[in-house]
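# Structural features, examined
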Amino acid sequence: MGKVVAFRTVARRDESWAVVATTRRGTRIASIYPTRAAAEADCEWRTRQVAAYRNFLERNEIAIPHYSIRPYRRADLPRAWRPLPALGFLHGQC
């Protein structure tokens, strides 16, 4: 007879990490990452980009986005969701 192979069921979590852009216009999900570390790295990069363009944004009265991260389930994403371009705030996409 052959060997009996036991399969362990691993509960797959449908939770990811979202980088969220918040402005006076509202909140948008900028990007989704499988790990918190990846989301934190992207959030920090986006925050540095906003700081670099802060004077430009203020002069042109463009809403300055604030980036944060939070857990997010992919099932909760709107069907038409697309990632926000990294410098989308320069084109009014945030």
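Residues numbered from 1 in each chain as written. Predicted model: local features only at pLDDT ≥ 70, side-chain atom pairs only at ≥ 80, totals over all residues. Heavy atoms only, no water.

### What to know about the overall build of the chain
Helix and strand counts for the chain stand at 2 helices and 3 strands. In sequence order, the chain lays out its α and β elements as β-β-α-α-β. Counting all 94 residues of the chain, 29% fall into the buried class. Residue pairs in contact within the chain that sit at least 24 positions apart in sequence constitute 64% of those at least 6 positions apart. Accessible surface for the chain amounts to roughly 7,100 Å². Of this, 52% is attributable to carbon and sulfur atoms. (Helix = DSSP H or I, 4+ residues; strand = E, 2+ residues; numbered from the N terminus. Buried < 20%, exposed > 50% of the residue type's maximum accessible area, 1.4 Å probe, protein only. Contact = heavy atoms within 4.5 Å. Areas by Shrake-Rupley, 256 points an atom, 1.4 Å probe, with all protein chains shown as cover.)

### What about unusual backbone geometry?
With a phi angle near 50°, E61 is a residue other than glycine that sits in the positive phi range. One can find E61 in the loop between α2 (54-59) and β3 (66-73). By relative accessible area, E61 is classed as exposed at 67%.

### Focus on the nonpolar core
Within the largest apolar cluster, 10 residues are counted, these being W17, V19, A21, A30, A39, C43, V50, L57, Y67 and L84. Those residues in contact with V19 that sit more than four places away from it in its chain are R28, I29, A30, S31, Y33, A39, D42, C43, R46, Y67, S68 and I69. Of all hydrophobic cores here, the second largest spans 6 residues; its members include A18, I32, Y72 and L77. (Core = buried A, V, L, I, M, F, W, Y, C linked by side-chain atoms within 4.5 Å.)

### Some words on the environment of R24
Here R24 is to be found in the loop between β1 (15-23) and β2 (26-33). The exposed category is assigned to R24, whose relative accessible area is 69%. Sequence separation of R24 and H66 is 42 residues, and the distance between their C-alpha atoms is 9.8 Å. R24 has contacts with E61, I62 and A63, leaving out every residue within four places of it along the chain. For R24, the side chain forms a polar contact with the main-chain oxygen of E61, separated by 3.5 Å. (Polar contact = N/O pair within 3.5 Å; in protein donor to acceptor, adjacent residues only side chain to side chain.)

### Focus: the sheet that holds β2
Each strand in a sheet pairs with its neighbour through backbone hydrogen bonds, running either in the same direction (parallel) or in the opposite one (antiparallel). Here 3 strands make up an open sheet; going across it, the order is β2-β1-β3 and the pairing antiparallel. At either margin of the open sheet sits one strand with a lone partner, and together these are β2 and β3. Across this sheet, the average inter-strand angle for adjacent strands is 35°, counted without regard to direction. Bridge count for β1 against β3 is 8 bridges, and the pairing is antiparallel. Residue pairing across strands places S16 opposite Y72, the latter belonging to β3. Of the strands in this sheet, β1, β2 and β3 touch helix α1 (residues 36-52), which is tilted by about 160° from β3. (Pairing = 2+ DSSP bridges. Axes fitted to C-alpha atoms, helices over the stretch in contact; angles between N-to-C directions.)

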